[in-house]
Amino acid sequence: MNLLLVEDEIGIRTRIAQFIPWEQHGIEIVGMAQNGIEALQIVEVKKIDIMIIDIQMPDMDGLTLAAEINKKHPHVRMIILSGYEQFEYAQKAVQLGIMDYLLKPARNEEILEAVLQTKQKIQREQQERFNSNSLREKWGYHLPALRSIFWNNWVAGQYAEWEIIHKSRELQIELLEDGFYKVGILALDPLSDEELRFSRSDESLLQFSIQCITKEVLEQDACYVFQVSTGNTVVIFSRADSENEDGFCHRVNYSITRLLSIVKECLKVTASAGIGQTAFRLTDVPRSYIQANVALQERVIYGHYVAIHSREEKESTTEKELPANAMKKLMAALDMCSKGLVLEAVEELLANMIQPERSIEEIQLQVLLLSSMLVQWMHGKGLLSKEVLGEDLHFFQNNQELISRHQIKEWLVRSLFAVLAYLENQRKKGVNKLTSAVIEMLEENLHDNLSLNTIAEKLFVNSSYLSRLFKMETGQPFSQYVIHKKMEKAKELLLQGNKVQDVASQVGYINVSYFSRTFARIWGVLPSELRG
């Protein structure tokens, strides 16, 4: 703590400076002045905490100096040292904020005690300022989170009107008690199968980015922006003083549409929005929030990159069962393993299932029925749904997460194509077994002239089918493959030293001349030349 001593009597100045143990108490005398003018000069260049000031000094008296210090350096604490006991001096000192008023000749102990008490007061003030600043910093740090909690609870309908007003004032949120409000909800559209830059693990980051873009774009708008537990960004629009209801609704529509366009431009992905109806009271805001959520779910009808307004609920008169003809076409397409027919059947199904006049609940029910029928069909074919569908099995069990027509179609086509691929793979495995059986039978019976018909009968398959299958698998017609196999075996036997006539017999040739010509055509030499 720095002390400045202002005293025109050199004896008193010396006694105070040298005969009081300042250092033992954390006090340092950083300057001494013999009048007020010198004191002001020192205060301008050095950090001073406490001043001991004599009242009666030449050029500038102590009280005048105290007034100047109080005006220019209000943080400096002053102690008056005076030879006058008059009341008016003490009264003026109090008015100037003087910490203590000591009468000469003041003892060293009195002066030290007055300075130490002033020091303690300064330290208390510093601690209070620190605590106050710390509290303000903490409050400022936590304020965004506290506001987010307030907004989430508000739209959840957890507050009475007086609580909304009271808590908003505590959180320094300006609310118009008699204003109009409208809730908009922005949600990331499901990422398509063609999206290569982002995956489902990036959705939280994209949702946060949408919130940041919304805050920046609507910074000057009359609204409150926050994020809910689903990751969606919620905007509570507030009517400006000069707006009527039509103007307010127009501003909300324009802001939401502009936001969706900016999100698409910045992130290269799309978002959609649901917009609730106007709330004329603070307690109506939760209803507008629910309406916005319901409107957002109608992406299942209208697709991606849309702003959907809340509509009045209508009693549906549409059929709740799946269209029988479309389902028959789909099952037939699966049985035929035709991707083209599967796509046609899917389009017809979706056209019947997803219609504007249907409620979201009805559409979700139809998706549930469809997924259940597909799982039953797979089980009927002996297919394990987990093995066939992989990650897409999640949507069969949680089809309420399918939130747009595009997403439903992608999921359905992806799942059905996975079924076709699995069936094709199973068929190929069966084909490989059949071809292997034919080759094994030939190698074991090269001495016999087994025909394709004979083999087909033994394997219980159609000979024409077996012929096509064998050529597809081996790249050769059955007859050509048999000849090459016989000639390979003949070459092997001749190199072992067997006679030409014996070799011909062992590979199923009765006519040795015919065998020799066939051998020469395949290998370019006669059997006798190879044998040597």
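Conventions we followed
- Residues numbered from 1 in each chain as written.
- Predicted model: local features only at pLDDT ≥ 70, side-chain atom pairs only at ≥ 80, totals over all residues.
- Heavy atoms only, no water.
- Helix = DSSP H or I, 4+ residues; strand = E, 2+ residues; numbered from the N terminus.
- Rg over C-alpha atoms; globule rule 2.2 N^0.38 Å.
- Buried < 20%, exposed > 50% of the residue type's maximum accessible area, 1.4 Å probe, protein only.
- Contact = heavy atoms within 4.5 Å.
- Areas by Shrake-Rupley, 256 points an atom, 1.4 Å probe, with all protein chains shown as cover.
- Lys, Arg positive; Asp, Glu negative; His and termini not counted.
- Charge placed at Lys NZ, Arg CZ, Asp CG, Glu CD.
- Phe/Tyr/Trp six-rings, centres within 6.5 Å; stacked < 30°, edge-to-face > 60°.
- Pairing = 2+ DSSP bridges.
- Axes fitted to C-alpha atoms, helices over the stretch in contact; angles between N-to-C directions.
- Salt bridge = Lys/Arg side-chain N within 4 Å of Asp/Glu carboxyl O.

Novice: Just to check I follow, could you spell out the overall build of the protein chain for this structure?
Specialist: Within the protein chain one finds 22 helices and ten strands. For 532 residues, the compact-globule formula gives about 24 Å, and the C-alpha radius of gyration of the protein chain, at 47 Å, lies well above that figure. On the principal axes, the C-alpha backbone points of the protein chain span a range of 150 × 75 × 35 Å. Here the protein chain holds 532 residues, and 44% of them are scored as buried. Contacts spanning at least 24 positions in sequence make up 65% of the contacts within the protein chain whose residues lie at least 6 apart. Per element, the accessible surface of the protein chain, about 29,200 Å² overall, is 51% carbon and sulfur. Each charge class in the protein chain can be summarised by its mean position, and for the 58 positive and 71 negative side chains these summaries are 10 Å apart.

Novice: Would you mind going over the packing of aromatic side chains with me for this structure?
Specialist: The geometry of an aromatic ring pair is captured by the separation of the ring centres together with the interplanar angle, meaning the angle of the planes. Evaluation of the coordinates by the stated rule reveals 13 aromatic pairs. Measuring from ring centre to ring centre gives 5.0 Å for Phe-180 and Phe-280, while their planes differ by 85°; the resulting arrangement is edge-to-face. A residue pair is termed long-range when its members are at least 10 positions apart, and Phe-180 in the loop between helix H6 (161–170) and strand E6 (181–188) and Phe-280 in the loop between strand E9 (271–275) and helix H9 (285–297) qualify at 100 residues. Residue Phe-180 is classed as buried on the basis of its relative accessible area, which comes to 17%. When its relative accessible area of 39% is taken as the criterion, Phe-280 is described as partly exposed.

Novice: How do you make sense of unusual backbone geometry when you look at a structure like this?
Specialist: Negative phi values dominate among residues other than glycine, just as trans dominates among peptide bonds. The peptide bond linking Lys-104 to Pro-105 adopts the cis configuration, its omega dihedral lying at -5°. Relative to the assigned elements, Pro-105 resides in the loop between strand E5 (100–103) and helix H5 (108–155). Even without being a glycine, Asp-59 presents a positive backbone phi close to 70°. Position of Asp-59 relative to the elements: it lies in the loop between strand E3 (50–54) and helix H3 (62–72). The phi angle at Gln-172 is positive, at roughly 60°, despite the residue not being glycine. Looking at the secondary structure, you find Gln-172 in the loop between H6 and E6. Taking the relative accessible area as the measure of exposure, Gln-172 reaches 52% and is therefore exposed.

Novice: Where do I start with the sheet that holds strand E8 (residues 233–238) in this structure?
Specialist: Either a parallel or an antiparallel arrangement is found when strands of a sheet pair, and the pairing is made through backbone hydrogen bonds. Ordered by their spatial adjacency, five strands build an open sheet running E7-E8-E6-E9-E10, and the pairing between neighbours is mixed. The open sheet terminates on both sides in strands that have one partner only, identified here as strand E7 (223–227) and strand E10 (307–309). With strand direction ignored, the average angle separating the axes of adjacent strands in the sheet is 20°. Sheet topology places E7 next to E8; five bridges connect them, and they run antiparallel. Counterpart to Tyr-224 in the pairing with E8 is Ile-236. Across the sheet, helix H8 (residues 245–267) lies against E6, E8, E9 and E10, angled at about 165° from E9, the strand it touches most. Packing against the sheet, H9 makes contact with E6, E8, E9 and E10, and its axis sits at approximately 35° to E6.

Novice: Looking at this model, I keep getting lost on the environment of Ser-168. Mind explaining?
Specialist: Structurally, the position occupied by Ser-168 is in helix H6. A residue is classified by how much of its surface remains accessible, and Ser-168, at 3% relative accessible area, is buried. Placed 17 residues apart in sequence, Ser-168 and Trp-151 show a C-alpha to C-alpha distance of 9.3 Å. If we skip the residues at most four places from it in the chain, Ser-168 touches Phe-150, Ile-173 and Leu-175.

Novice: Is there a simple way to explain the environment of Ile-363 in this structure?
Specialist: Mapping Ile-363 onto the fold places it in helix H13 (residues 360–380). Sequence spacing of Ile-363 and Ile-173 is 190 residues, and the spatial spacing of their C-alpha atoms is 40 Å. With near-sequence residues (within four places) excluded, Ile-363 lies in contact with Val-300, Ile-301, Met-353, Ile-354, Gln-355 and Arg-358.

Novice: Help me understand the pattern of salt bridges, please; the structure alone is not making it clear to me.
Specialist: Pairing between side chains becomes possible if they bear opposite charge and their charged atoms approach one another. This structure, assessed with the given rule, holds 19 salt bridges. Linking Lys-104 and Asp-54 is a salt bridge whose minimum nitrogen-to-oxygen distance equals 3.1 Å. Pair noted here: Lys-104 is in the loop between E5 and H5 and Asp-54 is in strand E3, with a separation of 50 residues, a long-range link. Taking relative accessible area as the criterion, Lys-104 reaches 22% and is therefore assigned partly exposed. For Lys-485, the salt bridge is made with Glu-443, and the minimal N-O distance between the two is 3.3 Å. A residue pair is termed long-range when its members are at least 10 positions apart, and Lys-485 in helix H19 (residues 478–495) and Glu-443 in helix H16 (residues 405–444) qualify at 42 residues.

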